Amino acid sequence: MVIDTKKFKSLKKRVLKKYPNAKTQMRNGGYYVSDGEGSELGEDFMIPLQSTVQMAWYWANESTKLQQNLRRTHPDKTGMNFNEKKFNRISRRNRRK
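Quick caveat: nothing in here was measured; it's all calculated off a predicted structure. (Residues numbered from 1 in each chain as written. Predicted model: local features only at pLDDT ≥ 70, side-chain atom pairs only at ≥ 80, totals over all residues. Heavy atoms only, no water.)

## Some remarks on helix H1 (residues 5–18)
Part 1 of the reasoning: Relative to the 20 Å expected for 14 residues at 1.5 Å per residue, H1 spans 20 Å between its end C-alpha atoms, a close match to the ideal helical length.
Part 2 of the reasoning: If you check which residues of H1 are buried, you get Phe8, Leu11 and Val15. Projected down its long axis, H1 carries its buried residues within an arc of 65°, all on one side. Exposed side chains of H1 directed beyond 90 degrees from the buried face belong to Thr5, Lys6, Lys9, Lys13 and Lys17.
Part 3 of the reasoning: Contacts made by the buried residues of H1 are with helix H2 (53–73). (Helix = DSSP H or I, 4+ residues; strand = E, 2+ residues; numbered from the N terminus. Expected span 1.5 Å × (residues − 1). Buried < 20%, exposed > 50% of the residue type's maximum accessible area, 1.4 Å probe, protein only. Arc of directions from axis to C-beta. Contact = heavy atoms within 4.5 Å.)

Structural data, given as structure tokens:
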């Protein structure tokens, strides 16, 4: 897969927005993107080392999007208090009608 310069810059910008200290590193002949704090982006999703820097940033971007999506839709995201507040608000609204 070939990534042009414009696409690469946008991928890198998106990752750097979430992880400002992110940088490319090399291990065992493969590239990966670290978050600047010692951990590897995409490690949770078992993304292997990449052969090019562009592909490392591409997969770092994909793992960032996937992480955000999982956090947004995870069932433990909201506590019961939030659900009770929401239920009470909707119930009050329905009682007025």
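After presenting the structure, the write-up continues.
## Observations concerning the pattern of salt bridges
Part 1 of the reasoning: As enumerated under the stated definition, the model contains two salt bridges in all.
Part 2 of the reasoning: The partner of Arg27 in a salt bridge is Glu40, and the shortest N-O contact between them spans 3.2 Å. Remark: Glu40 occurs in the loop between strand E2 (30–34) and H2 and Arg27 occurs in strand E1 (residues 23–27); sequence separation between them is 13 residues.
Part 3 of the reasoning: Salt-bridge contacts for Lys65 lead to Glu62; the nearest nitrogen and oxygen are separated by 3.3 Å. On the criterion of helical spacing, the pair formed by Lys65 and Glu62 is a turn pair, its members being three residues apart in helix H2.
Part 4 of the reasoning: Residue Lys65 is classed as partly exposed on the basis of its relative accessible area of 38%. (Salt bridge = Lys/Arg side-chain N within 4 Å of Asp/Glu carboxyl O.)

## Overview of H2
Part 1 of the reasoning: Spanning 21 residues, H2 covers 31 Å between terminal C-alpha atoms, matching the ideal 30 Å at 1.5 Å per step.
Part 2 of the reasoning: Those residues of H2 lying buried are Met55, Ala56, Trp57, Tyr58, Ala60, Asn61, Ser63 and Thr64.
Part 3 of the reasoning: Each element contacted by the buried residues of H2 is listed here: H1, E1 and E2.

## Things to note about unusual backbone geometry
Most peptide bonds are trans, and most residues other than glycine sit at a negative phi.
Part 1 of the reasoning: At Asn28, a residue that is not glycine, the phi angle is positive and equals roughly 50°.
Part 2 of the reasoning: In this fold, Asn28 is placed in the loop between E1 and E2.
Part 3 of the reasoning: The exposure class assigned to Asn28 is exposed, which follows from its relative accessible area of 76%.
Part 4 of the reasoning: Of note in this structure, Met46 is not a glycine but carries a positive phi near 55°.

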